[in-house]
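Reading the structure
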2 protein chains.
Amino acid sequence: MGESFTQTLAARFDSLPAQLQKAARWIEAHPHDAALLSMREQAGRAGVQPATMTRLAQALGYDGYDTVRALHADALRHARQPGLVATAARRNKLQAGTREAAAQAMVQHGAAQIGALGDPATLTALSQAASLMAGAGRIFCLGMRSSHAVAWHVWYALSLISDRAVLLDGVGGVGFDALVQARPSDVLFVCGVAPYTRAVVEAVMQARAGGLRVIALTDSPLSPLISQGEPALIVPTDSASFLHSMAPAFTLAEILVALVARGDDPALLARLDGLDRQLAAFNTYHPSKG
Amino acid sequence: MGESFTQTLAARFDSLPAQLQKAARWIEAHPHDAALLSMREQAGRAGVQPATMTRLAQALGYDGYDTVRALHADALRHARQPGLVATAARRNKLQAGTREAAAQAMVQHGAAQIGALGDPATLTALSQAASLMAGAGRIFCLGMRSSHAVAWHVWYALSLISDRAVLLDGVGGVGFDALVQARPSDVLFVCGVAPYTRAVVEAVMQARAGGLRVIALTDSPLSPLISQGEPALIVPTDSASFLHSMAPAFTLAEILVALVARGDDPALLARLDGLDRQLAAFNTYHPSKG
DNA sequence: ATAAGATTGCAACAAGTGTTTTATGTTAGG
DNA sequence: CCTAACATAAAACACTTGTTGCAATCTTAT
């Protein structure tokens with residue numbers, strides 16, 4: 001992208017005839033509409049003949065008006081995460097194509113993804129999920145393949161603060177048999193992204209049939225893991241790499257557990273303290289402890 | 001706004017035929033494109049007949065596809081420049097102390113933590129670690145307790161793109177015996193944060209003694225897991241909750257793997273493709289695949 | 001196994017698109 | 001005042017768009 005539309009326009013604006021200037025002014029004032037509306041519609045709103053838009057595009061050196069619109073569409077697409085990311089990119093400029101540059105791009109993308117989790121819908125779902133977990137009997141944790149790390153981590157964190165967490169991994173070929181003993185007061189935390197593992201989807205259906213509440217952490221509002229009326233945590237999984245990213249899911253899961261823990265009683269800290277002692281007694285930790 | 005497109009869709013999604021679901025999934029995954037591209041173009045990208053898009057719109061009760069696109073266009077217009085974090089906090093003013101507010105604070109904190117990973121030192125370490133991994137024979141992955149999810153995920157992702165990954169979990173009480181068979185061309189990826197698990201520290205020492213290169217992902221430059229002259233990935237673990245956060249570590253680990261994969265040969269995509277086929281053959285995935 | 005129904009792919013359609021051509025008006029210099 | 005030279009408007013053009021009707025195909029229940 002050698003030059004932005006605005007720059008190109010500014011360079012030649014003064015030498016344009018009156019009608020073209022009128023059209024150009026409107027485009028500058030309504031860049032969103034320039035991307036989203038048809039040329040004729042734009043011409044109408046700008047108070048200009050349709051042909052004028054085409055002529056403007058050509059006068060600026062573009063093939064036609066479609067090019068102009070594509071420019072504005074790209075801007076709409078990419079002008080996403082302004083703060084954080086844009087400034088970081090400006091700060092340390094790396095040669096494109098190097099591994100450092102790629103790494104930096106991924107870091108920025110990741111930060112933007114996490115930041116986007118702050119939208120109201122996600123926060124509400126988090127809150128609901130947390131209260132559901134807090135009031136639950138047992139909490140079953142399920143996730144396979146790329147989602148396994150997330151499910152495992154949730155189980156582990158929960159097991160630090162309570163004894164109600166049950167991990168549903170398939171170790172030993174036992175499948176998810178523990179689910180059959182679940183009671184309606186229990187909840188199932190399930191994490192899964194497309195392509196959805198069949199066994200997980202079936203386990204969710206089984207849990208639902210058994211009357212369990214289900215908290216789904218997944219990648220789309222249309223995920224088969226989501227149960228109507230239950231909290232659904234939706235995270236992005238897109239990545240610069242071809243491996244989709246589970247980092248947003250992991251982060252959200254961690255926040256969820258933190259929320260659950262927050263609501264818990266003061267006996268919790270004592271419990272964690274006791275755990276530390278116990279582990280120290282078993283010589284689990286290396287002495288150079290922070 | 002009576003109902004958002006997503007809500008309308010979610011309500012009837014299950015009762016839609018396969019092709020309409022496929023189209024709907026694509027739209028949900030690419031809301032920007034849904035606003036900016038022509039229907040035929042969208043159909044092509046979604047792998048669906050043009051008519052299907054129209055039918056979907058009508059099945060959801062809209063007049064036609066233009067209505068659907070207008071909905072997404074509006075969303076694109078209004079969800080404009082949120083300064084991501086700062087303005088998001090301003091926009092939805094939450095009462096301090098509520099669960100939503102706490103969640104939002106954690107999200108913002110998390111985004112900042114991830115963004116901070118873009119500093120030059122970390123990027124350099126990432127690059128070194130990636131080239132080390134790329135040139136390695138086998139890659140042992142080690143991490144226990146809260147670091148286990150990270151180690152597991154790295155192992156899993158690596159095992160998707162090569163057959164050189166070995167997970168060192170202690171399942172079955174076998175300890176880390178696999179390490180004794182390691183050769184100097186192998187590398188050890190280890191993740192661990194304070195308080196450092198004794199067994200992990202000892203395994204690192206053993207690996208170092210055996211001539212292995214060691215990539216450490218840890219929480220401090222003073223961590224006992226770091227070997228002199230080896231790449232060290234330092235991540236923050238502080239959290240609003242008392243449970244320390246592993247999300248930055250997880251994110252960085254994922255980027256590391258992506259970098260390793262990036263450098264790999266073109267045979268990689270073929271390999272992943274083959275994997276997909278294999279899993280499909282074994283009926284691993286739920287049919288509603290993206 | 002078969003029929004009724006739903007779903008899908010294909011091709012044709014009218015409407016709308018961006019562009020180009022043609023006609024009309026406007027302005028400046030001889 | 002005329003007439004080039006230019007700017008604007010209008011109309012015609014080729015093309016793409018979103019939609020719909022119909023036949024082929026796949027489900028599903030009898």
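Just above sits the structure.
The text that follows walks through the structure, step by step, so that each part is easy to find. The structure displayed is predicted, hence computed values, not measured ones.

Let's shift gears to the overall build of chain A. Helices and strands together make up the secondary structure of chain A, namely 13 helices and five strands. Restricting the contact set of chain A to residue pairs at least 6 apart, pairs at least 24 apart contribute 64%. A total accessible area of about 12,900 Å² is found for chain A, and carbon and sulfur atoms account for 54% of it.

Here we come to the sheet that holds strand S3 (residues 187–192) of chain B. All names here are of chain B. Pairing is parallel in the open sheet, where five strands are placed in the order S2-S1-S3-S4-S5. Each edge of the sheet is formed by a strand with only one pairing partner; in this case those strands are strand S2 (165–168) and strand S5 (232–234). Across the sheet, the axes of successive neighbouring strands diverge by a mean angle of 15°, strand direction being ignored. Pairing geometry for S3 and strand S4 (residues 213–218), over six bridges, is parallel. In the sheet register, valine 187 faces S4, and the bridge partner there is arginine 213. The sheet contacts of helix H9 (residues 120–134) involve strand S1 (139–142), S3, S4 and S5, and relative to S5 the element is tilted by about 140°.

Here we take up the protein's contact with DNA strand D. Residues in contact with DNA strand D amount to 16 residues; listed here are only the nearest, Met39(B), Arg40(B), Thr54(B), Gln58(B) and Tyr65(B). Sugar plus phosphate: this is where 61% of the atoms of DNA strand D within 4 Å of the protein reside. With respect to DNA strand D, the backbone of Met39(B) contributes an N or O atom lying 2.6 Å from a phosphate oxygen. Contacts to DNA strand D include Arg55(B), whose side-chain N or O atom sits 2.9 Å from a base oxygen. Secondary-structure elements contributing two or more residues to the surface near DNA strand D are helix H2 (18–29) of chain A together with helix H4 (39–46), helix H5 (50–59) and helix H6 (65–78) of chain B. At four residues, the largest contribution of residues to the surface near DNA strand D is made by H5(B). A class-by-class count of the residues in the surface near DNA strand D yields five nonpolar, six polar and five charged.

All names here are of chain B. With 12 residues, helix H2 (residues 18–29) extends 17 Å between its outermost C-alpha atoms, agreeing within 8% with the 16 Å of an ideal straight helix rising 1.5 Å per residue. Burial in H2 covers these residues: Leu20, Gln21, Ala23, Ala24, Arg25, Trp26, Ile27 and Glu28. On the buried face of H2, the contacting elements are helix H1 (5–12), helix H3 (31–36), H4, H5 and H6.

Residue and element names in this part refer to chain A. Across the sheet, five strands lie side by side as S2-S1-S3-S4-S5; this open sheet has parallel pairing. Looking along the sheet, the strands with just one partner apiece sit at the ends: strand S2 (165–168) and strand S5 (232–234). Recorded for the sheet is a direction-independent mean angle of 15° between the axes of neighbouring strands. Inspection of the sheet shows strand S1 (residues 139–142) paired to strand S3 (residues 187–192) by four bridges, in the parallel sense.

Attention now goes to the pairing of S3(B). Residues and elements named next belong to chain B. Most of S3 is tucked away: six of the six residues are buried. Alternating residues of S3 divide into Val187, Phe189 and Cys191 and Leu188, Val190 and Gly192, and every residue in both groups is buried. The handedness of the S3 to S4 crossover, carried by helix H11 (residues 198–209), is right-handed.

Close to DNA strand C lie 17 residues, the nearest being Met39(A), Arg40(A), Thr54(A), Gln58(A) and Arg55(B). The contact in question runs from a phosphate oxygen of DNA strand C to an N or O atom on the backbone of Met39(A), over 2.6 Å. At 2.8 Å from a phosphate oxygen of DNA strand C is found a side-chain nitrogen or oxygen belonging to Gln49(B). Among the secondary structure elements, those contributing two or more residues to the surface near DNA strand C are helix H4 (39–46), helix H5 (50–59) and helix H6 (65–78) of chain A together with H2 and H5 of chain B.

Here we take up the packing of aromatic side chains. Residue and element names in this part refer to chain A. Using the criterion set out here, one finds seven aromatic pairs over all chains in the structure. Ring geometry for phenylalanine 5 versus tyrosine 62: centroids 6.1 Å apart, planes at 25°, classification stacked. In this pair, phenylalanine 5 is assigned in helix H1 (residues 5–12) and tyrosine 62 in the loop between H5 and H6, connecting sequence segments 57 residues apart. An identical accessibility class is assigned to phenylalanine 5 and tyrosine 62; each is buried. Chaining the aromatic ring pairs together yields one cluster made of Trp152, Trp155 and Tyr156.

Each value, and the rule that gives it
- Residues numbered from 1 in each chain as written.
- Chains lettered and ligands numbered in written order.
- Predicted model: local features only at pLDDT ≥ 70, side-chain atom pairs only at ≥ 80, totals over all residues.
- Heavy atoms only, no water.
- Helix = DSSP H or I, 4+ residues; strand = E, 2+ residues; numbered from the N terminus.
- Contact = heavy atoms within 4.5 Å.
- Areas by Shrake-Rupley, 256 points an atom, 1.4 Å probe, with all protein chains shown as cover.
- Pairing = 2+ DSSP bridges.
- Axes fitted to C-alpha atoms, helices over the stretch in contact; angles between N-to-C directions.
- Near = heavy atom within 4 Å.
- Polar contact = N/O pair within 3.5 Å; in protein donor to acceptor, adjacent residues only side chain to side chain.
- Nonpolar A, V, L, I, M, F, W, Y, C, P; charged D, E, K, R; others polar.
- Expected span 1.5 Å × (residues − 1).
- Buried < 20%, exposed > 50% of the residue type's maximum accessible area, 1.4 Å probe, protein only.
- Right-handed = clockwise from strand over helix to strand, strands pointing away.
- Phe/Tyr/Trp six-rings, centres within 6.5 Å; stacked < 30°, edge-to-face > 60°.

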